[in-house]
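A closer look at the structure
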Amino acid sequence: MLIVLLLAIAVVVYHYGINRILGLPPGPPPLPLIGNMLSFRWDLDNVLLDWKARYGRVFTVWLPAPMVVIGDHQLLQEHVVKNGDVYLAKKNPEQFMDIMSGGLYGLVFEDNDMVKEQRKFAMKSLHEVGFGSAALEDTVHNNALETVSRWKKSGEEVVDVTENIMKSIGNVVWNVTFGITLDFDNEIVPTYRRLQQDSIPLMAGPFMMFIEMFPFLRNLEFLFGNPIKKLKVMLDKSNGMTVDAIRTTEKSFNPDNQPSSYVEAFLREMKKNEEAGKPMGNFHFDQLRNAAATIWGAGFDTTVGLLRMCCLELINHSDVQMKLQKEIDEVIGERRVVNDDQKQLPNGKKHRPDEAEKRMRERKDILPAQIMTFDQIRNRITTLLSQKKEHQRKVHGNRQRRYVKLIDDFERDLAEEGISLDDIEEEVDLERPLDEDDLIITSGEIYDLIYRLGNVLPINFLRKTTQDTEIEGYRIASGTTVLPQFSMVHADPNEFERPDYFCPDRHIDDAGAFIKDPRITPFSIGKRACLGETLARMEIFVMFATFVQNCHFTPVGKVPPAVEFNYGFTRSVNHFDVKIEPRN
Ligand code: HEM
């Protein structure tokens, strides 16, 4: 009787499809227990794009639990961005978090009830401790300079760029997280990275995916080679390092001072609650330890991986490297690279005199030679243009007109406010007009290579709908797991011609100007997008432009190493060596 019943259920499920029965969008038929796991590959986007072509812009995949996949630019904007609150919650990996953190804490997989509060606090604190500030940019630039000065001395030696990039980025993020300035050659950063790299294959392995669906498997881990026990040993070490760093910060922490790191901001909040006799709520030590570990972990390997990939691509595309060098020589020359080199001209709306004054006060200490008046800017642009060769004149002509127009608009806006240019001319930076529009090839390279093809997260974090909603006519019930797979857009041939092909020119228009592309969203979208975007964009630009300005990268042998990836939660290029010659 039971067999007949099971057979009848199987026939119904086969005939109607499990997705339809459960009210989910269509998708590849899943197998019992393992769903669509047989089709799983770490470079999942190509598999997902095939399914998108077959089943439509929204579809269901079982890996091994069911999830609704959205990998279409328009749909991501219409739903995940516009209905942000519906996609605010994560489908948290509870078993994994129990093993790693002892519960749902931190800033990626924290309990959904604390997301709004903790994100808001983190954003405020990170801004307070220096995101977007000249001081932090200075730290990044100093680390970039230390890196290139070591590379320049490498002579005939073969260089693994990872070591110094890792130290640079590690020092910056450690500083932002704990307020501790490490020696460039400290042991903490490499040890942490080793632990991170050794634990990722265990964390991202199929066993972890299955225990989320079948938690009882945790008791049978001995059958699978004790992955949890092995993982625990490494996690205890890295958690211990986080606790040690927090304790060091605590020793010098003074709640009356402006916090210099996320940990100090958190400690101040704890103290404030305690003094006001308020319950500690979510501002307790477990949350502090996990949030600090998240900022450190999320901000470290992602940026290191992308900068390594840049160096590898430079030796694979020597033509691009030459163009980048030429552009950086012309636009920046030998002066220090600043993040504002990639920003738009001040248009008078964002840069009111008080703000300009603040920015210039911050900058004056570090960039004394670069302050200029508007007249000097006009003169400089004119001189610059007159020196250009015929084929460059067209591009620069466009830019000159744009600069002069922007300056005129700025002047008019100020006049409306009763302020004259003379009042603020002292505060204008010579190099500000030499912006993203000038560093066209550099910006195109960063956009196409790092932001479109870089793809550090092969599978984005899963969300869980907070209320019933509808996508493409399908009713999506509250609590449904959704994968907002923005990287599918970057790899979609319907969006980008020959998407696998690295091509900075696709971001440059016919008039030679750089165009930002809203379809490229490497920091994800909606209300759970990356919290470190401001820092990451600055680090990448300042470091990368400083590398190109100072070093020439060549392959060790005749043939450059292949661009191949290793996968875990994150994706990064395999080990490679280069030779580096100094450029100045
Ligand atoms: C180039 C470097 C980076 C890239 C490409 C990157 C990308 C991402 C992506 C794709 C997410 C997932 C968003 C989602 O769930 O939809 C994320 C989350 C996050 N990132 Fe980044 N990130 C980078 C650097 C950083 C840095 C420097 C920090 C901090 C200093 C940081 C902190 C975080 C945090 C805290 C989250 C979790 C946000 C949440 O779940 O609410 N990231 N990042």
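Residues numbered from 1 in each chain as written. Predicted model: local features only at pLDDT ≥ 70, side-chain atom pairs only at ≥ 80, totals over all residues. Heavy atoms only, no water.

Should pLDDT be low for a region, the predicted coordinates there are not to be read in detail. Averaged over all residues, the pLDDT of the protein chain equals 84, while 81% of them reach at least 70. In the predicted structure, residues 344–374 sits below a pLDDT of 50 and forms 66 contacts with residues beyond four places in sequence or in another chain. The low-confidence segment residues 380–399 (pLDDT under 50) makes 22 contacts with residues lying over four places distant or belonging to another chain. Our summary of model confidence lists the complex with pTM equal to 0.82 and ipTM equal to 0.98. (pLDDT = per-residue confidence, 0-100. Contact = heavy atoms within 4.5 Å.)

At a minimum axis distance of 10 Å, the contact between helix 13 (residues 285–316) and helix 19 (residues 440–453) shows a crossing angle of 125°. On the basis of their axis angle, the class for helix 13 and helix 19 is oblique. Here helix 13 and helix 19 pass one another in a crossing that is right-handed. Counting all contacts with helix 13, which are made through L306, M309, C310, E313 and L314, the residues of helix 19 involved are E445, L449, I450 and L453. Its residues assigned to classes, the contact of helix 13 with helix 19 shows seven nonpolar, no polar and two charged. (Axes fitted to C-alpha atoms, helices over the stretch in contact; angles between N-to-C directions. Helix = DSSP H or I, 4+ residues; strand = E, 2+ residues; numbered from the N terminus. Parallel < 35°, antiparallel > 145°, perpendicular 65-115°, else oblique. Left-handed = near helix turned anticlockwise from the far one by under 90°. Nonpolar A, V, L, I, M, F, W, Y, C, P; charged D, E, K, R; others polar.)

With respect to protein ligation, the iron atom of the ligand binds only C530 (SG), at 2.3 Å. Relative to the helices and strands, C530 is located in the loop between helix 20 (487–490) and helix 21 (533–550). (Donors = N, O, S within 2.8 Å, 3.2 Å for Na, K, Ca; no water.)

This paragraph deals with the site of the ligand. With respect to spatial proximity, 26 residues lie near the ligand, and among them K90, R119, R463, S524 and C530 are the closest. Residue L107 places a main-chain N or O atom 3.3 Å away from an oxygen atom belonging to the ligand. R119 is positioned with one of its side-chain polar atoms (N or O) 2.6 Å from an oxygen atom of the ligand. Listing elements by their share of the shell around the ligand, those giving two or more residues are helix 13 and helix 21. When residues of the shell around the ligand are assigned to their parent elements, the largest contribution, six residues, is made by helix 13. Here the shell around the ligand is built from residues that sort into 16 nonpolar, six polar and four charged. (Near = heavy atom within 4 Å. Polar contact = N/O pair within 3.5 Å; in protein donor to acceptor, adjacent residues only side chain to side chain.)

This part is about helix 3 (residues 44–55). Compared with the 16 Å implied by 1.5 Å per residue over 12 residues, the 16 Å span of helix 3 between its first and last C-alpha is a close match. If you check which residues of helix 3 are buried, you get L44, D45, V47, L48, L49, W51 and K52. Contacts from the buried residues of helix 3 go to strand 1 (58–62), strand 2 (66–70), strand 7 (481–484) and helix 20. Downstream of helix 3 by one or two residues, G56 has phi in the positive range, about 115°. (Expected span 1.5 Å × (residues − 1). Buried < 20%, exposed > 50% of the residue type's maximum accessible area, 1.4 Å probe, protein only.)

The next thing to look at is the pairing of strand 7. Alternating positions in strand 7 separate into two faces, T481 and L483 on one and V482 and P484 on the other, with burial throughout. Where strand 2 meets strand 7, three bridges bridge the pair, whose relative direction is parallel. When the bridges of strand 7 are listed, I70 appears paired with P484. In terms of strand pairing, strand 4 (residues 463–464) meets strand 7 through two bridges, oriented antiparallel. From the neighbouring strand, K464 faces strand 7, where its bridge partner is T481. (Pairing = 2+ DSSP bridges.)

With that settled, the discussion passes to the pattern of salt bridges. Taken as a whole and assessed by the stated rule, the structure comprises 29 salt bridges. For the salt bridge of R528 with E110, the shortest nitrogen-to-oxygen distance reads 3.3 Å. Placement of the pair is R528 in the loop between helix 20 and helix 21 and E110 in the loop between helix 5 (94–101) and helix 6 (115–128), with a sequence separation of 418 residues. Here D138 ties to R336 by a salt bridge, and the two come within 2.8 Å at their closest N and O atoms. (Salt bridge = Lys/Arg side-chain N within 4 Å of Asp/Glu carboxyl O.)

We now examine the state of the cysteines. Taken as a whole, this structure holds zero disulfides when the rule is applied. The closest cysteine sulfur to the non-disulfide-bonded C551 is located on C311, 8.6 Å from its own sulfur. (Disulfide = S-S within 2.5 Å.)

The description of an aromatic ring pair uses the distance of the two centres, along with the angle that the planes make with each other. Inspection of the entire model under this criterion finds 21 aromatic pairs. Judged by centre distance (5.0 Å) and plane angle (45°), the rings of F207 and F224 are tilted. Of the two residues, F207 is situated in helix 10 (residues 206–213) and F224 in the loop between helix 10 and helix 11 (227–252); the sequence distance between them amounts to 17 residues. With relative accessibility at 46%, the residue F224 sits in the partly exposed group. Centre to centre, the rings of F565 and Y567 are 6.5 Å apart; their planes meet at 50°, and the pair counts as tilted. Ring pairing ties together the aromatic residues W174, F178, Y192, W296 and F300, which thus form one cluster. (Phe/Tyr/Trp six-rings, centres within 6.5 Å; stacked < 30°, edge-to-face > 60°.)

Taking 1.5 Å per residue, 14 residues should reach 20 Å; helix 6 reaches 20 Å between its end C-alpha atoms and fits that length. The complete set of buried residues in helix 6 reads V115, Q118, R119, F121, A122, S125 and L126. Projected onto a plane normal to the axis of helix 6, the buried residues spread over an arc of 165° and lie on a single side. In helix 6, the exposed positions that point more than 90 degrees away from the buried face belong to K116, K120 and H127. Looking at the packing, one finds that the buried side of helix 6 touches helix 8 (162–178), helix 12 (262–275) and helix 13. Directly beyond the C-terminal end of helix 6, a positive phi value near 135° is found at G130. (Arc of directions from axis to C-beta.)

This part takes up the side chain of K90. Mapped onto the fold, K90 is located in strand 3 (residues 89–90). In this structure K90 is buried but unpaired, with E110 as the nearest side chain of opposite charge at 5.8 Å. One polar contact links the side chain of K90 to the main-chain carbonyl oxygen of V108, over a distance of 3.2 Å. Once residues lying within four places of it in the same chain are set aside, the contact partners of K90 are V108, F109, N112, F461, L462, R463, K464 and R528. (Lys, Arg positive; Asp, Glu negative; His and termini not counted.)

For the rest of this paragraph, the subject is the environment of M309. Summarising the element assignment, M309 is placed in helix 13. Classification of M309 as buried rests on a relative accessible area of 5%. The spatial distance from the C-alpha of M309 to the C-alpha of F553 is 13 Å, given a sequence separation of 244 residues. Every residue in contact with M309, bar those within four places of it in the chain, is listed here: L449, L453, G454, F565 and V573.

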